[in-house]
Amino acid sequence: MLHPSRLGRLTLLPRALSAMSAPPAGASGQAGPCFAVEGPGSDLVCFTLSAGASGRPEPRCFVPAPGRCYSLCVPAAPSVPMARLHRRLQQRLRQGPFGRCRVLGLLCYGAQAALEKGFLIQDPQGGPETERALEELLRGLGELPPPPLLGVYEAGERGELWQCLWALRGAGGRDLLRRARVVAAEEPPLHPAVPGLSHAAVFHSLEAARSVVEQCTSFIPEATAVLDLVDKCPKQSKKGEFPVIVIEGLDATGKTTVTQSVNDSLNALLLRSPPACISQWRKTFDDEPTLIRRAFYALGNYIVASEIAKASTKSPVVVDRRYRCEFRCPTYLHIGKIIIIRYWHSTAAYAIATEISGKVQNLPPAHHEVYQWPEDLLKPDLVLLLTVSPEERIRRLQGRGLEKTEEETELEANSLFPQKVEESYKRMENPRCQEVDASPSREEVLRTVLYLIKKHCGSL
């Protein structure tokens, strides 16, 4: 590990005034704002600020000399403007002078301040171009509440690390606001993003998701149409006499194939999630930040729930979320089984895995409230989780020959991400998932699925 005196400078850019106004930890040990960055091996590197001398060590270094580190943070509250700003920064940090840099996720938390999300930018060359580009990027953001702040991390005479906090001026100058020492902090018991999951990523009510999409109507015309459809749904859908069965799983685990097979066996009515009435806008919302994308899919779940409630009084239903596949709904048949592919569990599992950086151990613990089914959403009778080996899933993805979604690309590029998605599925409760090995032949998988349906939902 390198000595802090060789770190160069670590530049911390926009931070919420609430967090910045919190005092650093002093001799009393009162905690100030803390930072967590995903380090080598997906471990969290945590550090905080001290008002003066401290017996704690400096945080681990992030780049070798003569490299430098920089970071950007924005408030992570369920605010559409801040979510879009975070996405804008993420896109800009992949371009131009930042192309030679390595960008890691960064969180600011604690000291009664709202969680902030950002990026740690590692510049291995340590030239002045990156710092100038970051200042230019900040000044080009326009008027923001709160205004951007710049912190420069510099080594002291004895190798200690200090933060100089600056306020940028529109004319190109800056004012020093404070100077504080940077010291290592203990990793928190829960990942810093866990407390905010139920407010900014996993929606446990229709109103929570609706409020996010409502903020998008000024720049996403389709958002108004989505809200109109939601408002036409019953406040709380209730299913009829037919059992509701959900089939979940990662991409390329055979959900559509199984659904077609079960549909043929049970003569069930087939629906899709998101439903046809909003699926044509899926790409529009997929191009937006995670907050907006998850809210769109959450509202889709409520629209599907109303369709299921209506259909379940007449016939079985099969719901498929794969937007590339088109299915025609057969005539109503009075059989008695309803199958859904991907419902709330899917929306929640992907959101959790996206927001919680690092390894699987960083996920919220089992029985956490984030894994609980929303009280106002139609609940299924059985949830089946299809699983295959990572190698088989990659082989199937590559064999599709179709354009990949952002999440599919993430699944292939980061082995930890699919592990976190699947583990999140397994921790879901009320109802929990019944695992099904989808590696065998289509016929064998179908027999297993039909057996579980019969076991949990009565005779076929």
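A quick note: this is a predicted structure, and the numbers were derived from the prediction, not measured.

Asks: Tell me about helix α3 (residues 128–139), and please be specific about residues and values.
Replies: If you check α3, its first and last C-alpha atoms are 17 Å apart, about what 12 residues at 1.5 Å a residue would give, namely 16 Å. Within the sequence span of α3, burial applies to T130, E131, A133, L134, E135, L137 and L138.

Asks: Just give me the short version of the pairing of strand β2 (residues 34–38), but keep the residues and values in it.
Replies: For β2, the buried fraction is high: four of the five residues fall into the buried class. Pairing between β2 and strand β3 (residues 44–50): five bridges, direction antiparallel. When the sheet's bridge partners are listed, V37 is paired in β3 with V45. Sheet topology note: the β2/strand β5 (residues 102–110) ladder contains four bridges and is antiparallel. Along β5, the bridge assignment pairs V37 with L106.

Asks: So what about the pattern of salt bridges? Which residues, and what values?
Replies: Applying the stated criterion across every chain, the model contains 15 salt bridges. Residue D251 pairs with R342 through a salt bridge whose shortest N-O separation is 3.3 Å. One end of the pair, D251, is in the loop between β10 (244–249) and α7 (255–266); the other, R342, is in the loop between β13 (338–341) and α11 (344–355), with 91 residues separating them in the sequence. Each member of the pair, D251 as well as R342, carries the same accessibility label: buried. In this structure, R427 engages E423 in a salt bridge whose closest nitrogen and oxygen atoms are separated by 2.9 Å. Linking R427 with E423, this pair stays in helix α14 (residues 416–427), spanning four residues, or about one helical turn. Taking relative accessible area as the criterion, E423 reaches 24% and is therefore assigned partly exposed. Each of R100, D123 and E129 takes part in one network of salt bridges that share partners.

Asks: Before we move on, could you go through the side chain of K255 and cite the residues and values that matter?
Replies: You can see K255 is positioned in helix α7. Although K255 is buried, it forms no salt bridge, and the closest oppositely charged side chain is D251 at an N-O distance of 4.6 Å. Here the side chain of K255 touches L250 through a polar contact of 2.7 Å, landing on its backbone oxygen. Not counting residues within four places of it along the chain, the set of residues in contact with K255 comprises I247, E248, G249, L250, I341, R342 and L386.

Asks: So what about the packing of aromatic side chains? Which residues, and what values?
Replies: A full pass over the atoms with the stated rule returns six aromatic pairs. A centroid spacing of 4.9 Å and a plane angle of 15° characterise the contact between F35 and F47, whose relative ring orientation is stacked. Taken together, the residues F35 in strand β2 and F47 in strand β3 connect sequence positions 12 residues apart. Exposure class is identical for F35 and F47. Each is buried. Ring geometry for F296 versus Y297: centroids 5.2 Å apart, planes at 65°, classification edge-to-face. Taken individually, F296 and Y297 each receive the classification buried, so the pair is uniform in this respect. Geometry around F219 places R84 over its ring, the cationic atom sitting 3.7 Å from the centre.

Asks: Requested: an account of the nonpolar core, with residues and values cited.
Replies: Among the nonpolar cores identified, the biggest contains 67 residues, and Y343 and I352 are the most heavily contacted of them. With 13 residues, the single largest contributor to this core is helix α10 (residues 290–311). Apart from residues lying up to four places away in sequence, I352 is in contact with L197, V202, L363, P364, V370, Y371, S424 and M428.

Asks: Would you mind going over the pairing of β10 in detail, with residue names and values included?
Replies: A large share of β10 lies buried, amounting to six of its six residues. Residues V244, V246 and E248 of β10 are buried on one face, and the alternating residues I245, I247 and G249, pointing to the opposite face, are buried as well. In the sheet, β10 pairs with strand β14 (residues 382–387) via five bridges, with the strands oriented parallel. Across the sheet, V246 pairs through a bridge with V383, a residue of β14.

Asks: Got a sec to walk through the confidence of the model for the protein? Specific residues and values, please.
Replies: Scored by pLDDT, the protein has a mean of 80; 80% of the residues are at 70 or more. When the elements of the protein are averaged for pLDDT, helix α1 (residues 17–21) gives the smallest value, 43, and helix α6 (residues 221–231) the largest, 97. Per-residue pLDDT stays below 50 along residues 1–21; that stretch engages in 93 contacts with residues further than four places along the chain or on separate chains. Contacts from residues 321–335, a stretch scored under 50 in pLDDT, to residues over four places away or in other chains number 49 contacts.

Scoring rules and cut-offs
- Residues numbered from 1 in each chain as written.
- Predicted model: local features only at pLDDT ≥ 70, side-chain atom pairs only at ≥ 80, totals over all residues.
- Heavy atoms only, no water.
- Helix = DSSP H or I, 4+ residues; strand = E, 2+ residues; numbered from the N terminus.
- Expected span 1.5 Å × (residues − 1).
- Buried < 20%, exposed > 50% of the residue type's maximum accessible area, 1.4 Å probe, protein only.
- Pairing = 2+ DSSP bridges.
- Salt bridge = Lys/Arg side-chain N within 4 Å of Asp/Glu carboxyl O.
- Lys, Arg positive; Asp, Glu negative; His and termini not counted.
- Polar contact = N/O pair within 3.5 Å; in protein donor to acceptor, adjacent residues only side chain to side chain.
- Contact = heavy atoms within 4.5 Å.
- Phe/Tyr/Trp six-rings, centres within 6.5 Å; stacked < 30°, edge-to-face > 60°.
- Lys NZ or Arg CZ within 6 Å of the ring centre and 35° of its normal.
- Core = buried A, V, L, I, M, F, W, Y, C linked by side-chain atoms within 4.5 Å.
- pLDDT = per-residue confidence, 0-100.

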